[in-house]
Amino acid sequence: MPEQTNNLPAVNYFSPVELVGIYRKFLDKGSTNNVVWIRGIYIQRPNQNPQWAAFYDELRDPDNTNQSVTLKINRQDRAKLKSNSLVQIGGLIELVANNTGTIQILVNVTRYEIVKDQFVTEQDLKRNEIRITKSKKGFKNVDAVLEEKLFRDERPKVALVFASTSITMADFNAGVNAAAVKIDFQEHRQSFGNAAMLSSFLQNLDRSGYDVIALVRGGGGGIEALDEIQVLQAVSVMATPVICAIGHVGEELFMKSIADKVAPTPNGLGQYFSEMVERVTATRNNSRAALGKEVEKQFIKQIEDSNKKNKELLAQIEKMTKAQKDQTEQLGKLQGQLKKQTEENAKQAKDFNESLKKMQKTNGELNTSLQKLTAQNTQAAKDLNEAKDRQRQLEKQLEEAMSKNKGCASGCMGMVAALVGLVGLASWLICIIV
């Protein structure tokens, strides 16, 4: 009904329900009864009641797996199709206005054709390469990282990354209980729909010193954006351990295959932290009691070992004391022997010195006698030489006389007698020299 307020012209106002109703009527007029054929990868959505007459699945674009339309398919046809198959779908296009004001394209399936079972796209190949690389690099032990810090009574730093508009924080808090007393949880909000922004955000978070990073989101449409290659590559090379708590139980997501740990739901992630804290606390308490007994046992053993070692040391000291006493006695004897030997050596040295002086005196006297004898020998040698010269002269004179006085016998005999006398004198001198 028209109303006029604040001097504005009268207009017709509608409530949200009325506005959605108007668009539904308009879209019903725009719906077509012609069968439209579309081609793509068929994906069965989980968590649907098997008793429903119709199911709501997806048909994804083969070249861009982030783009899809919703299929409305009956139970019989759905049972004949396999998820991830390349199919051609024939159906009627419906434009559905949701209560949130959005318009959804819905294909009501009337016929289908299977082109290829288990269709593998280029995106799937790249994802498999990322998973192989991650496997070679190795998955981090999230439990060990958290348990080690908790056991040392330190608070692990955990980054909780929620979608910008997500309400899963309440689900997480419902399961975490008192774990926040022991773990430092820090909440971060980031759009999960923009792969480039999410990848950059996770890379910066990886350098922020957290012990664990958890990706937390509920199920439903839009989670497939987490399987984009850029996001998967960023997560696969992160140095910080990553927990994936995205979607509902049984909901397929490739991100779960490269995460270091997977929690079934956001609530399950909270329960995981809560159970971790309870388990480590109980282990620490038990360990303390066991440690106390072990310390007491080791202390008693150390005392016993110390007493035993003290006895052994006392025995060794007594043995060493006795040995030292024996060595002292032997040392006294050796000192007495050394003193006696020293005195004997001194006496021998004195006797030797006296003998040496006597020998030196005797040698002096001998040298004096030798010098006198040498002088006598020199004089005797001189006299002998003179006698030899005189003998030669006499012999010469005798020869001359004999040649002149061959008839004078008496003269000759006199000369002979003189010569014999000289020879005798020479012989005597020679004996003296010898």
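Residues numbered from 1 in each chain as written. Predicted model: local features only at pLDDT ≥ 70, side-chain atom pairs only at ≥ 80, totals over all residues. Heavy atoms only, no water.

On to the overall build of the chain. Scanning the chain from N- to C-terminus turns up ten helices and ten strands. Out of the 434 residues belonging to the chain, those deemed buried represent 28%. A separation of at least 24 residues holds for 67% of the contacts in the chain among residues at least 6 apart in sequence. (Helix = DSSP H or I, 4+ residues; strand = E, 2+ residues; numbered from the N terminus. Buried < 20%, exposed > 50% of the residue type's maximum accessible area, 1.4 Å probe, protein only. Contact = heavy atoms within 4.5 Å.)

Within the open sheet, the five strands sit side by side as S7-S6-S8-S9-S10. Their pairing is parallel. Looking at strand neighbours, the two that pair on one side only are strand S7 (184-190) and strand S10 (261-262), the edges of this open sheet. Relative to strand S8 (residues 212-217), strand S6 (residues 157-163) is paired through five bridges, and the arrangement is parallel. Each bridged residue has a counterpart across the sheet, and for Val158 the counterpart in S8 is Val212. (Pairing = 2+ DSSP bridges.)

The end-to-end C-alpha distance of helix H3 (residues 122-137) is 23 Å, a good match for the 22 Å that 16 residues give at a rise of 1.5 Å each. Inspection of H3 places Arg127, Ile130 and Lys134 among the buried residues, and these make up the whole buried set. One side of H3 carries all its buried residues, which in axial view fall inside an arc of 55°. Set apart from the buried face of H3 by more than 90 degrees, the exposed residues are Glu122, Glu129 and Lys136. In this fold, the buried residues of H3 make contact with helix H7 (229-236) and helix H8 (255-258). Positive phi appears at Gly138, one or two residues downstream of H3, with a value of about 105°. (Expected span 1.5 Å × (residues − 1). Arc of directions from axis to C-beta.)

What follows concerns H7. Across the eight residues that make up H7, a large majority, six, are buried. Check the buried side of H7 and you find it contacts H3, helix H6 (195-206), S8, strand S9 (242-246) and H8.

Further remarks concern the side chain of Thr70. Following the sequence through the fold, Thr70 ends up in strand S3 (residues 68-74). One polar contact links Thr70 to Arg45, side chain to side chain, over a distance of 3.4 Å. Polar side-chain contacts of Thr70 include one of 2.8 Å to the side chain of Gln104. Apart from the residues within four sequence positions on either side, Thr70 is in contact with Arg45, Tyr56, Asp57, Gln104, Ile105, Leu106 and Val107. (Polar contact = N/O pair within 3.5 Å; in protein donor to acceptor, adjacent residues only side chain to side chain.)

This part is about the pattern of salt bridges. The tally for this structure, following the rule as stated, stands at 13 salt bridges. In this structure, Glu58 and Arg45 form a salt bridge, with 3.3 Å as the shortest nitrogen-oxygen distance. Remark: Arg45 occurs in the loop between strand S1 (36-43) and strand S2 (54-60) and Glu58 occurs in strand S2; sequence separation between them is 13 residues. Note on Glu58: relative accessible area 10%, which makes it buried. (Salt bridge = Lys/Arg side-chain N within 4 Å of Asp/Glu carboxyl O.)

Moving on, we get to the packing of H6 against H7. At a minimum axis separation of 8 Å, H6 and H7 run at an interaxial angle of 10°. As far as their axial angle goes, H7 and H6 are roughly parallel. Contacts between H6 and H7 pair Ala195, Ala196, Leu198, Ser199, Leu202 and Gln203 from the former with Gln230, Val231, Ala234 and Val235 from the latter. Its residues placed into classes, the contact of H6 with H7 shows seven nonpolar, three polar and no charged. (Axes fitted to C-alpha atoms, helices over the stretch in contact; angles between N-to-C directions. Parallel < 35°, antiparallel > 145°, perpendicular 65-115°, else oblique. Nonpolar A, V, L, I, M, F, W, Y, C, P; charged D, E, K, R; others polar.)

Take the sheet that holds strand S5 (residues 103-116) next. If you trace the five strands once around the closed barrel, you get S1-S2-S3-S5-S4, paired in mixed fashion. Each neighbouring strand pair of the sheet contributes to a mean axis angle of 55°, computed without reference to strand direction. Of the pairings in the sheet, the one linking S3 to S5 comprises three bridges and is parallel in character. Bridged to Leu71 within S5 is Val107.

Time to look at the side chain of Arg78. Checked against the element boundaries, Arg78 lands in helix H2 (residues 75-80). Beyond its immediate sequence surroundings of up to four residues, Arg78 is in contact with Tyr42, Gln44, Arg45, Gln48, Phe55, Asp57 and Ile73.

A few words now on the packing of aromatic side chains. According to the stated counting rule, one finds six aromatic pairs in the structure shown. With 5.3 Å between their ring centres and 55° between their planes, Tyr272 and Phe273 make a pair best called tilted. A relative accessible area of 13% means that Tyr272 is categorised as buried. One Lys or Arg, Arg78, reaches over the ring of Phe55 and ends 4.5 Å from the middle of that ring. The ring centre of Tyr210 lies 5.2 Å from the NZ or CZ of Lys157, which sits over that ring. (Phe/Tyr/Trp six-rings, centres within 6.5 Å; stacked < 30°, edge-to-face > 60°. Lys NZ or Arg CZ within 6 Å of the ring centre and 35° of its normal.)

Turning our attention to the pairing of S5. By the bridge criterion, twelve bridges tie strand S4 (residues 85-97) to S5 in an arrangement that is antiparallel. Residue pairing in the sheet places Val96 in a bridge with Gln104 of S5.

Take unusual backbone geometry next. Backbone geometry at Asn84 places phi at a positive 75°, although glycine is not the residue there. As for its position among the elements, Asn84 is in the loop between H2 and S4. For Asn84, a relative accessible area of 23% puts it in the partly exposed group. In this structure, Asp153 takes a positive phi of about 60° despite not being glycine. Relative to the helices and strands, Asp153 is located in the loop between helix H4 (142-151) and S6. With a relative accessible area of 48%, Asp153 lands in the partly exposed category.

Once that is clear, we can look at the packing of H3 against H7. The packing of two helices is summarised by the inter-axis angle and the distance between the axes. Viewed as axis vectors pointing N to C, H3 and H7 meet at an angle of 5°, and their least axial separation amounts to 10 Å. Classified by the angle between their axes, H3 and H7 sit roughly parallel to one another. Residues Gln123, Lys126, Arg127, Ile130, Lys134 and Lys137 of H3 pack against Ile229, Leu232, Gln233 and Ser236 of H7. Split into classes, the residues belonging to the contact of H3 with H7 amount to three nonpolar, three polar and four charged.

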